[in-house]
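Fold and contact review
The residues making up each chain are set out below.
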Amino acid sequence: MSAQMDRPRVAARWAKRAAPVAAVLALLAFLAIRSSSLAVPAGPPPVAAGCSVQALVTLGGSFGNAVAVNRQGVAVGIADDAKGVAQPVLWRGTKPQRLVTGVSRSVPLAVNAAGQVIGTGLDTATGSPAGWAWSRGRATRLKTHEDRVAWPESINDHGVIVGVLLWFVNNYVPMDGKIKQIVNVLVVVVVVVWLLQ
């Protein structure tokens, strides 16, 4: 009789353990599909686009790096200010515009044809990763539920943002809140490194 009573408890325990494994497998499947969809099919060589290399002005510092550009030539990235602090920047031509995002360590990731920018940074109050969108001089924090972290990856010309939520660590891994913040930051760093490859 005790073996029958333990079955629901054992099943519940396995279900708790299976959920994180299923989440990891889903994430790996997403990454595998994304990687394979980026593969270039065999065919004629691509036609060279009409573009030119242009030096980008910083915000008074010595370093700048564009990470994305749209068809109109608007670029986004980071540039050092006069104090040597990296700031999120949008360049129209060679003129830099600092993006005020409301989070620290902001890094723009993409810009669409309308000049809308998405990126990530750290919440100044909690130190947790945060996603943001910037349009016409105003930044908006990407909304999530509970302890989930929005991580934008791309924005189309209609303003639709796609990305991921860091819900796995926050919902299924029991650990102290400070450690969760560290793990979230590590996940964010890994995703950024992977995106920049």
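Structure shown above.
First, a word on scope: everything that follows refers to the structure included in this document. Bear in mind that the values here come from a model prediction, so they are computed numbers and not experimental data. (Residues numbered from 1 in each chain as written. Predicted model: local features only at pLDDT ≥ 70, side-chain atom pairs only at ≥ 80, totals over all residues. Heavy atoms only, no water.)

The next subject is the overall build of the chain. Counting its regular elements, the chain contains 3 helices and 10 strands. The burial tally for the chain puts 28% of its 197 residues in the buried class. For the chain, the share of sequence-separated contacts (at least 6 apart) that also reach a separation of at least 24 residues comes to 36%. When the accessible surface of the chain is summed, it comes to about 13000 Å², and 61% of that surface belongs to carbon and sulfur atoms. (Helix = DSSP H or I, 4+ residues; strand = E, 2+ residues; numbered from the N terminus. Buried < 20%, exposed > 50% of the residue type's maximum accessible area, 1.4 Å probe, protein only. Contact = heavy atoms within 4.5 Å. Areas by Shrake-Rupley, 256 points an atom, 1.4 Å probe, with all protein chains shown as cover.)

As for its placement among the helices and strands, Val103 is situated in the loop between β4 (95–98) and β5 (104–111). For the pair formed by Val103 and Ala125, sequence separation is 22 residues and the distance between their alpha carbons is 8.9 Å.

A sheet is described by the order of its strands in space; here 4 strands give the open sequence β5-β6-β7-β8, paired in antiparallel fashion. Both outer strands of the open sheet, β5 and β8 (138–141), are each paired with one neighbouring strand and no more. Averaged over neighbouring strand pairs, the angle between their axes works out to 30° when direction is ignored. (Pairing = 2+ DSSP bridges. Axes fitted to C-alpha atoms, helices over the stretch in contact; angles between N-to-C directions.)

Turning our attention to the nonpolar core. Of all hydrophobic cores here, the largest spans 11 residues; its members are Ala68, Val74, Val76, Leu90, Leu99, Val103, Val111, Val117, Ala130, Trp132 and Trp134. At 3 residues, strand β7 (residues 129–135) tops the list of elements feeding residues into this core. Beyond its immediate chain neighbours, meaning those up to four positions away, Val74 contacts Ala68, Val69, Leu90, Trp91, Arg92 and Val111. (Core = buried A, V, L, I, M, F, W, Y, C linked by side-chain atoms within 4.5 Å.)

Ordered by their spatial adjacency, 4 strands build an open sheet running β1-β2-β3-β4, and the pairing between neighbours is antiparallel. The open sheet has two edge strands, β1 (60–69) and β4, and neither has a second partner. This sheet shows a mean twist of 35° between the axes of neighbouring strands, independent of strand direction.

It is worth spelling out the pairing of strand β3 (residues 86–92) at this point. Buried residues dominate β3, accounting for 5 of its 7 residues. Summarising the sheet, strand β2 (residues 75–81) and β3 pair through 6 bridges and their orientation is antiparallel. Residue pairing for β3: Val76 is matched across the bridge by Leu90. Linking β2 to β3, which pair antiparallel, is a turn of 4 residues; within it Gly84 sits at a positive phi near 85°. As consecutive antiparallel partners, β3 and β4 are separated by 2 residues, and within that stretch Gly93 has a phi angle of approximately 70°, a positive value.

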